[in-house]
Amino acid sequence: MTDWIARLVDASHRRAWLVLLGYALLGVVSLLYAQGHLGIDTDTDHMFSGQLPWRQQSLAMDRLFPQFNDVLVIVVQGATPEEAELSADTLMQQLRKDTAHFRDVSRPDADPFLRREGLLLLDTQDLAHLLDGLYAAQPLLGPLAGDSSARGLLKGISLMAEGVRVAHADLSPYHAALEQLRQVLLAATHGNPPPLSWQQMLSSDAIAQARGPELLLAHPLLDRGALQPGLAATQAVERAGAALPEVKAGRVSVHYTGSVALSDVQFGALTDGIVGSTVISLLLLALWLFLALRSWRLIVPILLTLCTGLILTLGFAALAVGTLNLISVAFAVLFVGLAVDFAIQFAVRLRDQRLHHAALAEALDATARSAGSQIAVAAAATACGFLAFAPTAFVGVAELGIIAGTGMLIALACTLSLLPALLTLLHPADGAGHVALPLGDACDGWLKRRRREVLGAFAVLGLLGLVAAWRMPFDANPLHTQAPDTEPMRTLRTLADNPITDPFNIYLLAPDLDHARTLAARVEKLPEVSSVIHAGTFVPTDQAAKLDLLEQAQDLLLPSISTGDRAPPITPAALREAMGDSIDAIAQANATLPTDSPLRGIGQALQSLQHAPDANLLAMNAAISRFLPTQLDRLRASLDARPITLQDVPDSIRRDWIAPDGRVRIQVSPTRDVQDTALLRRFVAAVQRIAPDAGGPAVTTIASADTILRAFQQAAVLAIAAIGLVLLLVLRRWRDTGIVLLTLGMSAALTALGARAAGMAINYANIIALPLLLGVGVSFNVYFVMNWRAGMDQFVGSASARAVLFSALTTGTAFGSLALSHDLGMASMGRLLLLSLGAVLLATFVFLPSLLYALGHADSMKRHVE
């Protein structure tokens, strides 16, 4: 192999211009081909093989219910439920008109069926509790039905005060609603009262607290060729939301989340700050190269070789893979960080050889013979570390392994052909000065004297590292690789507080409604489950008892809320008269009112408002009566519920729960926030014990984590076996191969120990540090072991050590750019890569020399064995 490499370097030296022309043509072809054939796949589901059982199940569910794919969830929150509803409806109408950005937009919670039959869908006990609250509110309802104005409300307040005085009525369930009325009255004294929420006025505290924000589900038109396919749609939502009157007034806020927005933000984070980090990385890279080589005639060829190798690898990626995913897009940084090692090794060794050979041709030949095989072994071992992932089911890393593994071979070819050609054309000056690291000889002397103590310390660290590796946590939650302060993540956290909208639900499929009811009944008994929803949920049980309750409510409430004769017009004088009556009624009940009764505050607010200008009184009336007619109409309609059968459920709801083939979807929600991997795994395991074929976000999250772990276990075995085979073929000694692998194992143990000490958890992004650890560790270790085999007894003080150190600095610079990424997944990858690189350097510069000194000279060991 040494002779082949020497002949290749010599041929590149003698035909430098021809080699340069050939690489230039290959580079142009690669760039043109990549421009037309290399794309970005932003769908993270595609990072796993479609042949996996859980992926096939997920794909089948997607085909049955495609409306849940590529969804943009718009969340509208308001100071009052009515303002949120009004704004949500206005926003929906605006977005439906925007056919350039949206296919459809809907409000599932606003379906007329739910408005009409909503009370019948409540639990019997909850329905009875709500009706009891309405009965207690009859003093308010009666006057309002005949006079839906502030005057009617004030008459109701007077009757409530009378009820407290005469019958000691309990108003505590309406404390929050009455407090809201007090605040409206106080604000009216300044002329800017907010609208009164009649949903809160007519409901108990428990019902009011159960209300969530208004949700819109939109299917945006995605630009599949863009890095952020849904960006235009989310910007359209932002513009439309900002234009809403209630948003401008600060009464309503519009937010968004969903798979589209989360994916866009994650891919967008990859490019945030990339210019600045790239400039800093390039400057640092140039600095390390200058300190290592001290000559621009050496630095420029290295940079040109790196750029050419990267372009050729890009062309190969377009040819072999066609698309880059969230993980494989990092191949460029990894290529630069790893391939630069080969070029630096060659250049530093050449600089050392120029001290002994005046002619460049002789120095190139000597460099090829002394370093070429080492670089080839390092490149082959690094390629094996990457290519070991190719056969795994984790497609995201498998594709990265194919690209980066082949890229290492491309980098080797460029280092042994293009780099010598460029060096020939630029003709660096003769070497001058000592190439070895400063204090390198002193370090070697200390390690030789203290080798036993050093090896003992590393033995302890290694054992601790093994324990740390065994207990290393794996974070299966992909949301933890998202920046928590982004709009989609902030919004998602607010939805996660509600089990129904928790992002980690489980979906089951039942053959029909009867089986769905049976399965749901079993699942909802689990302590890990908070609620179960299916098509049968919209055909409630115990309808007879509920209809009886509603019929009684109609008899008791309809006379109170039926519209009577037209009330006289509202005037400031009429409002002052009604306020005076309420003030008197509250004063008469003062002795029986609890100290914290909101009626006391209402009385004080009315006294202040009595002396306000007429405009303030009319503004108060408008704020109070704005949403009242609509709420009274809804109340009357909801009391007139009818028996429900499955045929009565509209298609707008049925299609979300019943597949075209008749199967019924069941949604299972967890009892608590299951962002923690252990809790999520427990929730999934509990449900799967009853329904082994369960699917949905919670199941796919755990299944994908298991797939990743299996992929890395499989790849680790393949990589170590392949690396060991390569080392055996080249080194031809079990002992020497064992030294390299032992040092590699020490690097892994130190990495695990450092990660555990730093509180890091392994996730789907940073777990890629494993193949890089194998590649970099083997590269650095091979240089020292092969020098030892050649009779060298100075390691830290050698030219190889200088090349290794500056290779590590340039590699660390590349990895550091990942650590500074705005994407938390990439940042965690960069941090773990830097940590593993530090562990590799510690093992290579301290542990390995101590081990080699303890073993003695390679030649003497060989003679002893013989």
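Model, not experiment: these values are computed from the prediction.

Scanning the protein chain for helices and strands turns up 36 helices and nine strands. For 866 residues, the compact-globule formula gives about 29 Å, and the C-alpha radius of gyration of the protein chain, at 37 Å, lies well above that figure. Its C-alpha atoms give the protein chain principal-axis dimensions of roughly 115 × 60 × 55 Å. Buried positions account for 53% of the 866 residues belonging to the protein chain. Contacts in the protein chain between residues far apart in sequence, at least 24 positions, make up 83% of those at least 6 positions apart. Summing over all exposed atoms, the protein chain offers an accessible surface of approximately 36500 Å²; the carbon and sulfur share of this is 60%.

Turning our eyes to something else, we now look at the side chain of S149. Following the sequence through the fold, S149 ends up in the loop between helix 7 (138–146) and helix 8 (150–167). At 2.6 Å, the side chain of S149 and the side chain of D147 are in polar contact. Discounting chain neighbours no more than four positions away, the residues touching S149 are L144, I570, N621, S625 and L628.

Structurally, the position occupied by A622 is in helix 27 (residues 614–625). A622 sits 429 residues away from P193 along the chain, and the two C-alpha atoms are 8.9 Å apart.

Quick look at the pattern of salt bridges now. In total, this model carries 25 salt bridges according to the counting rule given. One salt bridge connects R450 with E453, and the closest N-O pair in it is separated by 3.6 Å. Among the residues examined, E453 registers a relative accessible area of 47% and is labelled partly exposed. With a shortest N-O distance of 2.8 Å, R663 and D661 are connected by a salt bridge. You can call R663 partly exposed: its relative accessible area is 33%. Take D661: its relative accessible area is 45%, and that puts it in the partly exposed class.

So, on to the sheet that holds strand 9 (residues 664–670). Taken together, the three strands give an open sheet; going across it, the order is 7-9-8, and neighbouring strands pair in antiparallel fashion. The sheet terminates laterally at strand 7 (506–510) and strand 8 (529–533), the two strands that pair on one side only. When strand polarity is set aside, the average angle formed by the axes of neighbouring strands in this sheet is 25°. Examined bridge by bridge, strand 7 and strand 9 share five bridges and lie antiparallel to one another. Within strand 9, the residue paired with I506 across the bridge is V668. Across the face of the sheet, helix 23 (residues 513–523) comes into contact with strand 7, strand 8 and strand 9 while running at roughly 15° to strand 9.

Turning next to unusual backbone geometry. At D542, a position not held by glycine, the phi torsion is positive, near 55°. The topology assignment puts D542 in the loop between strand 8 and helix 24 (543–561). With a relative accessible area of 42%, D542 lands in the partly exposed category.

Nonpolar side chains collect at one region of the surface, where I280, L284 and L287 lie side by side and expose about 240 Å² of accessible area between them. Summarising the element assignment, L287 is placed in helix 15 (residues 274–293). The class for L287 is partly exposed, based on a relative accessible area of 38%.

Turning to the nonpolar core, a few remarks are in order. L293, I302 and F394 are the most contacted members of the largest nonpolar core, which has 131 residues in total. Look past the residues within four positions of F394 in its chain and what remains in contact with it is M47, F48, I327, I708, A711, F712 and Y764. Among the nonpolar cores identified, the runner-up in size contains 99 residues, and M201, V668, L680 and I690 belong to it.

Here we take up the packing of aromatic side chains. For the coordinates displayed, the defined rule picks out 10 aromatic pairs. With a centroid separation of 6.4 Å and an interplanar angle of 55°, the aromatic rings of F394 and F712 are classed as tilted. Of the two residues, F394 is situated in the loop between helix 18 (360–387) and helix 19 (395–426) and F712 in helix 31 (residues 697–731); the sequence distance between them amounts to 318 residues. Considered together, F394 and F712 belong to a single accessibility category, that of buried residues.

At a closest axis distance of 7 Å, the pairing of helix 21 (residues 451–470) and helix 32 (residues 734–757) adopts a crossing angle of 65°. Taken as a pair, helix 21 and helix 32 cross one another with a handedness that is left-handed. Judged by residue contacts, F458, L461, G462, L464, G465, L466, A468 and A469 of helix 21 engage M746, A749, L750, A752, L753 and R756 from helix 32. Taken together, the residues of the contact of helix 21 with helix 32 break down into 11 nonpolar, two polar and one charged.

Bringing the packing of helix 25 (residues 572–588) against helix 26 (residues 598–609) into the picture now. Two numbers describe how helix 25 lies on helix 26: the axes approach to 9 Å, and their chain directions differ by 145°. Two packed elements cross with a definite hand, and for helix 25 against helix 26 that hand is left-handed. For the pair helix 25 and helix 26, contact is made by M579, S582, I583 and I586 and by L599, I602, G603, L606, Q607 and L609, respectively. Classifying every residue of the contact of helix 25 with helix 26 gives seven nonpolar, three polar and no charged.

With that settled, consider helix 17 (residues 331–353). Between its terminal C-alpha atoms helix 17 stretches 33 Å, which fits the 33 Å expected from 23 residues at 1.5 Å a residue. For helix 17, the buried fraction is high: 19 of the 23 residues fall into the buried class.

Another point: helix 20 (residues 440–449). For helix 20, the full list of buried residues reads G440, D444 and L447. Looking straight down helix 20, one finds that the buried residues subtend no more than 65° of arc, so they occupy a single side. Facing away from the buried side of helix 20, by more than 90 degrees, are the exposed residues A442 and R449. Contact partners of the buried residues in helix 20: helix 21 and helix 35 (824–855).

Turning next to the sheet that holds strand 4 (residues 214–220). Spatial ordering of the open sheet is given by 3-4-2-5, a layout of four strands whose pairing is antiparallel. Looking at strand neighbours, the two that pair on one side only are strand 3 (102–106) and strand 5 (252–257), the edges of this open sheet. In this sheet, adjacent strand axes meet at a mean angle of 20° when their direction is disregarded. In this structure, strand 3 lies alongside strand 4, joined through four bridges in antiparallel fashion. Looking at strand 4, one finds that S106 is bridged to L217. Where helix 4 (residues 81–97) meets the sheet, its contacts fall on strand 2 (72–78), strand 3, strand 4 and strand 5, and the angle it forms with strand 2 comes to roughly 145°. Where helix 12 (residues 231–242) meets the sheet, its contacts fall on strand 2, strand 3, strand 4 and strand 5, and the angle it forms with strand 5 comes to roughly 175°.

The subject of this paragraph is the confidence of the model for the protein chain. When the pLDDT values of the protein chain are averaged, the result is 86; 95% of them are 70 or greater. Low pLDDT (under 50) marks residues 204–210, which in the prediction has seven contacts with non-local residues, meaning those over four places away or in another chain. Contacts from residues 860–866, a stretch scored under 50 in pLDDT, to residues over four places away or in other chains number five contacts.

Here is what the cut-offs are and how they apply
- Residues numbered from 1 in each chain as written.
- Predicted model: local features only at pLDDT ≥ 70, side-chain atom pairs only at ≥ 80, totals over all residues.
- Heavy atoms only, no water.
- Helix = DSSP H or I, 4+ residues; strand = E, 2+ residues; numbered from the N terminus.
- Rg over C-alpha atoms; globule rule 2.2 N^0.38 Å.
- Buried < 20%, exposed > 50% of the residue type's maximum accessible area, 1.4 Å probe, protein only.
- Contact = heavy atoms within 4.5 Å.
- Areas by Shrake-Rupley, 256 points an atom, 1.4 Å probe, with all protein chains shown as cover.
- Polar contact = N/O pair within 3.5 Å; in protein donor to acceptor, adjacent residues only side chain to side chain.
- Salt bridge = Lys/Arg side-chain N within 4 Å of Asp/Glu carboxyl O.
- Pairing = 2+ DSSP bridges.
- Axes fitted to C-alpha atoms, helices over the stretch in contact; angles between N-to-C directions.
- Patch = residues over 30% accessible without salt bridge, like charges linked within 9 Å, V, L, I, M, F, W, Y side chains within 5 Å.
- Core = buried A, V, L, I, M, F, W, Y, C linked by side-chain atoms within 4.5 Å.
- Phe/Tyr/Trp six-rings, centres within 6.5 Å; stacked < 30°, edge-to-face > 60°.
- Left-handed = near helix turned anticlockwise from the far one by under 90°.
- Nonpolar A, V, L, I, M, F, W, Y, C, P; charged D, E, K, R; others polar.
- Expected span 1.5 Å × (residues − 1).
- Arc of directions from axis to C-beta.
- pLDDT = per-residue confidence, 0-100.

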